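# Topology and contacts: notes
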Amino acid sequence: MIFLKAAGLGVLLFLSSAAAPLSNEIESRMISNGDHRLAFNIIPGADPVIVLDAGGGNDSSYWTGFALDLAERTGSKVITYDRAGMGASDEVPGPWDLDAATDDLETGLRELGATQDVVLVSHSIAGEIATFLTIQQPSWFKGVVLVDANVPDFYTDDMVAALSAEYTPMIAELEDAPSTPANRQLIAVAQSFEEVSRAFHRAVWPVSVPVVVIGAEETPFGEEGPVADAWRAAHQRFTAGAPNRKYVLAEQSAHETIVIDSPDIIRQAISDIVEGGH
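Residues numbered from 1 in each chain as written. Predicted model: local features only at pLDDT ≥ 70, side-chain atom pairs only at ≥ 80, totals over all residues. Heavy atoms only, no water.

## Some remarks on the packing of aromatic side chains
Overall, the coordinates contain twelve aromatic pairs when judged by the stated rule. With a centroid separation of 6.4 Å and 45° between ring planes, the pair formed by Trp140 and Phe141 is classed as tilted. Residue classification places Trp140 among the buried residues on the basis of a relative accessible area of 5%. Here Trp205 and Phe238 contribute two aromatic rings whose centre-to-centre distance is 5.6 Å and whose plane-to-plane angle is 85°, an arrangement assigned as edge-to-face. On the criterion of sequence distance, the pair formed by Trp205 in the loop between helix H6 (193-201) and strand E9 (211-218) and Phe238 in helix H7 (residues 226-239) is long-range, its members being 33 residues apart. For Trp205, a relative accessible area of 3% puts it in the buried group. For Phe238, a relative accessible area of 4% gives the class buried. (Phe/Tyr/Trp six-rings, centres within 6.5 Å; stacked < 30°, edge-to-face > 60°. Buried < 20%, exposed > 50% of the residue type's maximum accessible area, 1.4 Å probe, protein only. Helix = DSSP H or I, 4+ residues; strand = E, 2+ residues; numbered from the N terminus.)

Here you go:
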C-alpha cells in the first residue's frame, strides 16, 4: 500500500496494490458519454438512491465494502462509479476538466434514472464534482454528505499559490515514477490545478441542498500546521453558510482512510439526510 501526499491538490492520494473485488450482488454497466465510457456499479434496492464518489487517485473499489454494508442496512439502491481514467472507465487524455468530470457523473445518473431524492456522498476531490453538479441539478438531490471533501472556501488565491509551489516537485517525482492510472490522473489534475481551483473557489453551493460535512481528525495536510488549520476553518465557514448544513468531526480518523476509520459516522450522516434531521 502506498500513500503519497499531494498537498498541491488538497487531497491525499491513496493507492492500493490490490483493489477489493466486486460482489456478485453488484451490477456493472458501461455508460457512454461522448467518446469515452464510464463504469458504474449498482447494488439494487429502493429509493432513495445513494451515490458514492471516491477521492483523488481512487476508483469505485474504495467504497465496495462500505457500499455492500450500506445497501444491506438501508435497503437502498447504492451506486458507485469510476471516474474517467480510473478503474474500468476509459482514460481521457489531457488536463483534468472539472466541467467534464461533472458531466460524466450527471450523464451516468441520468442514464440510470437516479435524478430524484438522490443522496450524494463525496470524498476529497469529489467534493468539487458535488458542488458543480448540485449547482446544475439541485432538484435531483435530497442532500449531500461531504466526507473530508474539498470545499470552495479553502481555495483562496493565496492558498492556491502556496499549494502550487509545493505541488511542482511532487509532480516531478510522479513523472519519474512508473506510469499508473492513478499517477496519470494526479498529473492531469496538476495541469489544471490553478485554473480549476480558482473557478471552484467562486462556486456557490445551492441553498436548497442540505449538506452534512464530515471532517477527518487528520486532514490531507496532517493534524497540525497552518494549512491543516485552514482546511478545518474552510469546512466550518462553509457549514455556517446556511442553516441546512451540519458539521461533524470524525475523531481518530484520517483523510485517506476515513471510510475505514469512521463508517458509522458516514452512515449516520446519510441517515440524517434521508430523515431530514440534518
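Okay, back to it.
## Section: the pattern of salt bridges
Applying the stated rule across the entire model yields twelve salt bridges. Close ionic contact of Asp69 with Arg73 constitutes a salt bridge, the shortest N to O distance being 2.6 Å. On the criterion of helical spacing, the pair formed by Asp69 and Arg73 is a turn pair, its members being four residues apart in helix H1 (residues 64-74). Given the relative accessible area of 55%, Arg73 is considered exposed. (Salt bridge = Lys/Arg side-chain N within 4 Å of Asp/Glu carboxyl O.)

## What to know about H6
The set of residues buried in H6 consists of Phe193, Val196, Ser197 and Phe200. Mapping the buried residues of H6 onto a view down its axis gives an arc of 100°, with all of them on the same face. If you follow the buried residues of H6, they end up packed against helix H2 (98-111), helix H3 (126-136), helix H4 (157-176) and helix H5 (181-191). (Arc of directions from axis to C-beta. Contact = heavy atoms within 4.5 Å.)

## Some details on the packing of H4 against H6
The relative placement of two packed helices comes down to the angle between their axes together with the axis-to-axis distance. Where H4 meets H6, the axes come as close as 10 Å, and the angle between the chain directions of the two elements is 160°. Relative to H6, H4 is oriented roughly antiparallel. Pair H4 / H6 crosses with right-handed handedness. Along its contact with H4, which presents Asp157, Val160, Leu163 and Ser164, the element H6 presents Phe193, Glu194, Ser197 and Arg198. Classifying every residue of the contact of H4 with H6 gives three nonpolar, two polar and three charged. (Axes fitted to C-alpha atoms, helices over the stretch in contact; angles between N-to-C directions. Parallel < 35°, antiparallel > 145°, perpendicular 65-115°, else oblique. Left-handed = near helix turned anticlockwise from the far one by under 90°. Nonpolar A, V, L, I, M, F, W, Y, C, P; charged D, E, K, R; others polar.)

## A closer look at the layout of surface pockets
Put simply, the second largest pocket is a space of about 370 Å³. Elements represented by at least two residues in the lining of the second largest pocket include exactly H2 and H5. Ranked by residues supplied to the lining of the second largest pocket, first place goes to H5 with six residues. Looking at side-chain class alone, the lining of the second largest pocket contains eleven nonpolar, five polar and five charged residues. (1 Å grid on protein atoms, 1.4 Å probe; cavity = no way out; pocket = protein on both sides within 12 Å on 5 of 7 lines; lining within 4 Å. Points joined across faces, edges and corners; volume = space filled by probe spheres on them.)

## A short note on the nonpolar core
Ile79, Trp96, Leu105, Leu146 and Phe154 are the most contacted members of the largest nonpolar core, which has 49 residues in total. A total of five residues in this core trace back to one element, the largest contributor, which is H7. The contacts of Leu105, once residues within four sequence positions are left out, are Phe40, Val51, Asp53, Tyr81, Leu120, Ile129 and Leu133. Grouped together as the second largest cluster of nonpolar side chains are 26 residues, Trp63, Ala67, Val147 and Ile270 included. (Core = buried A, V, L, I, M, F, W, Y, C linked by side-chain atoms within 4.5 Å.)

## Quick word on the sheet that holds strand E4 (residues 36-43)
The sheet built from eight strands is open, its strands ordered E3-E4-E6-E5-E7-E8-E9-E10 with mixed pairing. Taken across any chain shown, the strands that pair with only one partner, and hence form the sheet edges, are strand E3 (27-33) and strand E10 (245-254). Ignoring which end each strand starts from, the neighbouring axes of this sheet average 20° apart. When E9 meets E10, the two strands line up parallel, connected through seven bridges. Pairing of Gly215 across the sheet is with Leu249, part of E10. Docked against the sheet, H2 engages E3, E4, strand E5 (46-53), strand E6 (76-81) and strand E7 (118-123), running at close to 120° with respect to E3. (Pairing = 2+ DSSP bridges.)

## Focus: the environment of Ile129
The topology assignment puts Ile129 in helix H3. Ile129 gets classed as buried once you look at its relative accessible area, which sits at 0%. Taking the C-alpha atoms as reference points, Ile129 and Phe200, separated by 71 residues in sequence, lie 9.5 Å from one another. Once residues within four sequence positions are removed from consideration, Ile129 is found in contact with Asp53, Tyr81, Arg83, Trp96, Leu98, Ala101, Thr102 and Leu105.

## A look at the pairing of E9
Taken residue by residue, a regular strand's side chains alternate between the two faces of the sheet. Counting buried positions over the eight residues of E9 gives six, a clear majority of the element. The pairing of strand E8 (residues 141-147) with E9 spans four bridges and is classified as parallel. Residue pairing for E9: Val144 is matched across the bridge by Val211. Where the polypeptide runs from E9 across H7 and back to E10, its parallel neighbour, the crossover connection is right-handed. (Right-handed = clockwise from strand over helix to strand, strands pointing away.)

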